[in-house]
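Observations on chain architecture
Read off the chains here:
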Amino acid sequence: MKCLRTSLPVEAIQYELDHGIEDGFELWSNIVVNGWINSNNLVKITRNDGTVVCPYIDTRRGRSFIKVGDYIITESVGDRIVCGEDKFFQRYEVIEN
């Protein structure tokens, strides 16, 4: 079956540090050791104590780590997802800026 995504207005913001849109931070070492995801291009923040952490958002499917250039999408029902910059403009059309 081939399908076309239904038009659904969403809020989209490209991730920037210090805007408070992440749900939390995970130690980068935990991500690498646990092998949760490919850690290439993850946003990494070095804290004053020297620890390196990566921001994430909680989604219906679990924790999504944010990569450089990712957009955080908030759907009308409040669900949030991470969308890579490489796929964002293929999936979404800007209707208001």
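Attention here is on the structure that accompanies the text. (Residues numbered from 1 in each chain as written. Predicted model: local features only at pLDDT ≥ 70, side-chain atom pairs only at ≥ 80, totals over all residues. Heavy atoms only, no water.)

Some points on the sheet that holds strand 1 (residues 10-14)
Sheets are built from strands paired through backbone hydrogen bonds, the pairs being either parallel or antiparallel. Taken together, 3 strands build an open sheet; the order of strands is 1-6-7 and the sheet is antiparallel. Of all the strands in the sheet, the pair left with one neighbour each is strand 1 and strand 7 (80-83). On average, each strand axis in the sheet is tilted by 25° relative to the strand beside it, whichever way the strands run. Sheet topology note: the strand 1/strand 6 (residues 71-75) ladder contains 5 bridges and is antiparallel. For A12, the partnering residue across the bridge sits in strand 6 and is I73. (Pairing = 2+ DSSP bridges. Helix = DSSP H or I, 4+ residues; strand = E, 2+ residues; numbered from the N terminus. Axes fitted to C-alpha atoms, helices over the stretch in contact; angles between N-to-C directions.)

Topic: the side chain of D70
Looking at where D70 falls in the secondary structure, it is placed in the loop between strand 5 (62-65) and strand 6. This buried residue, D70, is left without a salt bridge; K67 holds the nearest opposite charge, at 6.9 Å. Leaving out residues up to four positions away in the same chain, D70 has contacts with I13, Q14, Y15, F65, V82, C83, G84 and E85. (Buried < 20%, exposed > 50% of the residue type's maximum accessible area, 1.4 Å probe, protein only. Lys, Arg positive; Asp, Glu negative; His and termini not counted. Salt bridge = Lys/Arg side-chain N within 4 Å of Asp/Glu carboxyl O. Contact = heavy atoms within 4.5 Å.)

Remarks on the pattern of salt bridges
Inspection of every chain in the model, using the stated rule, returns 3 salt bridges. With a closest N to O distance of 2.8 Å, R80 and D23 form a salt bridge. With a gap of 57 residues between them, R80 in strand 7 and D23 in the loop between strand 1 and strand 2 (24-27) connect regions that are remote in the sequence. Here D23 falls in the partly exposed class, since its relative accessible area comes to 40%. R63 is paired through a salt bridge with E26; the nearest N and O atoms lie 2.7 Å apart. Of this pair, R63 sits in strand 5 while E26 is found in strand 2, placing the two residues 37 residues apart along the sequence.

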